[in-house]
Amino acid sequence: MVLLEIEDLHASVNGKEIIKGLNLVINEGEVHAIMGPNGAGKSTLSYVLTGREGYEITGGRIKFKGRDINDMPIEERANEGLFLSMQYPVEIPGVSITTFLKHAVNANRKYHNLPELDTFEFIKQVRQDGKLLGIDNDMLKRHVNVGFSGGEKKRLEALQMTVLKPSLAILDEADSGLDIDAMKVVANGVNALRDGRRSLLIITHYQRLLNYIEPDFVHIYADGKIVKSGDKSLAEKLEKLGYSNFVCGNG
Amino acid sequence: MAGLFDRFAVVKGAAYFKLLASRAREIFDSRGIPTAKTEEWKYTKPRGLDVDNYEKSAVQFMYDFEEIPIDAYRLEFINGRLNQNFDMPEEIRVESIFMAPEELFGHLADINKNPFVALNTANIEEGVFIRITSTLKKPLLITYKTSVNNTNLFSNIRNLILVEEGVSSEIVEYFTYAGNEKSEYFNNIVNEICIKDNARLSHYKIQEEAFKANHIAYNAALVGYKSYYKSLCVQKGANLARNETEVRLADENAATDVDAAYIMNGWATIDTTTWIEHLYPRTYSNQLVKGVVGGQAKGVFQGRISIPRDMVGVEGNQLHKALLLSDMAEVDVKPELEIYADDVKCSHGAATGVLDERQLFYMRIRGISEEEAKQMLIDAYLDDVLSKIDNNALYSWVRDRIK
Ligand SMILES: Nc1ncnc2c1ncn2[C@@H]1O[C@H](COP(=O)(O)OP(=O)(O)OP(=O)(O)O)[C@@H](O)[C@H]1O
Ligand SMILES: [Mg+2]
């Protein structure tokens, strides 16, 4: 079944066109990787998909689970199962991780007409999930991302994904700032969620992460559109040859 | 208790109160309600207050009032009158304000300095003199209830609180209403507070008056040797509200924390005015005031710190921060540092900001609605102040009330 369908998407930020005719279809259970040079518009794509203010769709359309998402508020997209692990996670002073996660999970449950979670059970679950990602109880008491190292932030993104169990997770440079061991831990966390139905859209610069989370498709994204698609061997080729060979059209 | 609270005509010391009241009346009549030309009142403009157009008493309607659910000794005023059915432990002596010692009454809150103190003093009919003689096991909660229908009630309540030497105590004041939410009643409150040596008073106040009401309060505290006064005021009600706190640190090692939080919408003006006087060397003060202002409302903070000559080793810090939720919201801040001594540590700061789009986005992509995300950020913002409430039950209750 088709989960995400992007058709001839054009989008701009502050009146400047960044996405210029992008097509992409992601089916249930598939893992797609997008690789592309700095400034190509990869993060912009993630914001357009999630509905961030200021990122305007000027042409084409996006369907998620068969619904056009243009008029869906950010939180509704999230509650429908769209997740974004941010390239630069945001600090929220004064809000502990546990409180934040509890609000998120309960908002999700409310959306699906489920009763609120029992706090005690919830905390037990989060602690278990955290442990697998190397996040201990003391860290869960800290305020969201405040004073976290780059790697800790990425682990916290992975924890949120584990707790929220989205149907489509966009991982925007989920590997940046992670040491080799942490990358394995995060990759394991992501892989644990794969059940044949959940899908992933992985934005990365390096093939390394893709060794741990194997993609079904690799897309090369440049100047606002996908210029080449292939299987995971494309990522290896890209690592050897660099973007210029593809972007200039002679790859 | 019967007869104790009769009006002052029959109470001892009546001559002194009468004299002070008539002097206060003269002062108020000659100066009137302050206008925008009065420096202390240039941001908070009480011009709509026509004190002759208020009623001094009102038919009392029996509404259900909000009560703070904490374990406490309780006193209550209903429509400006003390409810004489109360039960106090031995360590809290409650008497009529007209039994207050003459050497204290009227000496802490000066009728010459503040027009509303003069107005209160000219009109006192009710109030309590509270003497705390040994350390309290529970806080004393004073609830001021206004239950009015169509009457514009005007209450001038006057209290004097005396904390004896070596005593630790906690007082919570709560202003609430029931009935006609559009009532334009006016509460004009003066508290004189004297904390003797080696003593402590934590004074919490929660102001939730009706949205068209007026609330003006003057708290004047005198803090003795090695004593500590903590004042924490949370304001969220009234159309015009001012909570003014004057603290005199009157002996060495006297210290105070004067903190406040306010949250408002609509057209309200909420004012926090403080004046800390470091009258002895090695006295310490800290102030943290945070506000959240929406709609077309206006938050005002005026903070004055006085450190006269030779007051060495004094520390005085002050910080005001506000979050503006709309383009029409306004905040006016006036710090006044009067420092004439060397060798003091003094700081003040002010910052105004808006909700951070990045934070809201981050919360919403996790499924949290925009409204809830804003509330969470507001809660977090005010928690710097609210978390200073040492009474856990009160803290949780207040946190829920700011929603
Ligand atoms: N708010 C904005 N205002 C103006 N330009 C913007 C804004 N946001 C993004 N851009 C521009 O859009 C382009 C694409 O940015 P984007 O962050 O999507 O790139 P990226 O592919 O994720 O790059 P990287 O690999 O460095 O993360 C860049 O040129 C960037 O400067
Ligand atoms: Mg990016």
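Residues numbered from 1 in each chain as written. Chains lettered and ligands numbered in written order. Predicted model: local features only at pLDDT ≥ 70, side-chain atom pairs only at ≥ 80, totals over all residues. Heavy atoms only, no water.

Trainee: Would you mind going over the overall build of chain A with me for this structure?
Mentor: Regarding its fold elements, chain A presents 10 helices and 12 strands. For a compact globule of 251 residues, the expected C-alpha radius of gyration is about 18 Å, and chain A comes in at 18 Å, within 12% of that figure. Seen along its three principal axes, the alpha-carbon backbone of chain A occupies a region of about 55 × 40 × 35 Å. Each of the 251 residues in chain A was classed as buried or not, and the buried ones make up 52%. Summarising the internal contacts of chain A: among those between residues at least 6 apart in sequence, 70% fall at separations of at least 24. For chain A, the accessible area works out to roughly 11300 Å², and carbon and sulfur atoms hold 47% of it. Of note, chain A has its 31 positive side-chain charges centred 2 Å away from the centre of its 34 negative side-chain charges. (Helix = DSSP H or I, 4+ residues; strand = E, 2+ residues; numbered from the N terminus. Rg over C-alpha atoms; globule rule 2.2 N^0.38 Å. Buried < 20%, exposed > 50% of the residue type's maximum accessible area, 1.4 Å probe, protein only. Contact = heavy atoms within 4.5 Å. Areas by Shrake-Rupley, 256 points an atom, 1.4 Å probe, with all protein chains shown as cover. Lys, Arg positive; Asp, Glu negative; His and termini not counted. Charge placed at Lys NZ, Arg CZ, Asp CG, Glu CD.)

Trainee: Is there a simple way to explain the pattern of salt bridges in this structure?
Mentor: Any two side chains of opposite charge can pair, given that their charged atoms come close. The full count for this structure, using the stated rule, is 44 salt bridges over all chains. As a salt-bridge pair, Arg25(B) and Asp29(B) come within 3.6 Å of each other at their nearest N and O atoms. With Arg25(B) and Asp29(B) both in helix α1 (residues 14–31) and four residues apart, the pair spans about one turn of that helix. The partner of Lys345(B) in a salt bridge is Glu315(B), and the shortest N-O contact between them spans 3.9 Å. Here Lys345(B), found in strand β19 (residues 345–354), pairs with Glu315(B), found in strand β17 (residues 315–324); they are 30 residues apart in sequence, far enough to count as distant. On the basis of relative accessibility, which here comes to 56%, the residue Lys345(B) falls in the exposed class. For Glu315(B), a relative accessible area of 31% corresponds to the partly exposed category. Here the residues in one salt-bridge network are Glu75(A), Arg364(B), Glu370(B) and Lys374(B), joined through shared partners. (Salt bridge = Lys/Arg side-chain N within 4 Å of Asp/Glu carboxyl O.)

Trainee: Sorry if this is basic, but what is going on with the environment of Glu239(A) here?
Mentor: Residue and element names in this part refer to chain A. Here Glu239 is to be found in helix α9 (residues 233–241). Residue classification places Glu239 among the partly exposed positions, given a relative accessible area of 46%. Once residues lying within four places of it in the same chain are set aside, the contact partners of Glu239 are Tyr206 and Gln207.

Trainee: Is there a simple way to explain the coordination of the magnesium ion (ligand 2) in this structure?
Mentor: Between any two of four tetrahedral donors, the ideal angle at the metal is 109.5 degrees; between two of six octahedral donors, it is 90 or 180 degrees. Residues and elements named next belong to chain A. Bound to the magnesium ion (ligand 2) are the protein donor atoms Ser43 (OG) and Gln87 (OE1), situated 2.0 to 2.1 Å from the metal. Of this pair, Ser43 sits in helix α1 (residues 42–50) while Gln87 sits in the loop between β6 (82–85) and β7 (92–96); the two residues are 44 residues apart in sequence, bridging distant segments of the chain. Each member of the pair Ser43 and Gln87 is classed as buried. (Donors = N, O, S within 2.8 Å, 3.2 Å for Na, K, Ca; no water.)

Trainee: Would you mind going over the packing of helix α3 (residues 97–111) of chain A against helix α6 (residues 150–164) of chain A with me for this structure?
Mentor: The packing of two helices is summarised by the inter-axis angle and the distance between the axes. Residue and element names in this part refer to chain A. Close contact between α3 and α6 brings their axes to 10 Å; oriented N to C, the two are set at 35 degrees. Along this stretch, α3 crosses α6, giving a crossing that reads as right-handed. Residue-level contacts link Ile97, Phe100, Leu101, Ala104, Val105 and Asn108 of α3 to Leu156, Leu159, Gln160, Val163 and Leu164 of α6. Considering only residue class, the contact of α3 with α6 consists of nine nonpolar, two polar and no charged. (Axes fitted to C-alpha atoms, helices over the stretch in contact; angles between N-to-C directions. Left-handed = near helix turned anticlockwise from the far one by under 90°. Nonpolar A, V, L, I, M, F, W, Y, C, P; charged D, E, K, R; others polar.)

Trainee: Looking at this model, I keep getting lost on the sheet that holds strand β12 (residues 240–249) of chain B. Mind explaining?
Mentor: Sheet strands pair via backbone hydrogen bonds, and the direction of the pair is either parallel or antiparallel. Residues and elements named next belong to chain B. Spatial strand order, β3-β4-β6-β8-β10-β12-β14-β16-β18: nine strands in an open sheet with mixed pairing. The open sheet has two free edges, formed respectively by β3 (92–96) and β18 (330–339), since each of these has just one partner strand. Here the average twist between neighbouring strands, direction ignored, is 10 degrees. Pairing geometry for strand β14 (residues 269–278) and strand β16 (residues 298–307), over nine bridges, is parallel. (Pairing = 2+ DSSP bridges.)

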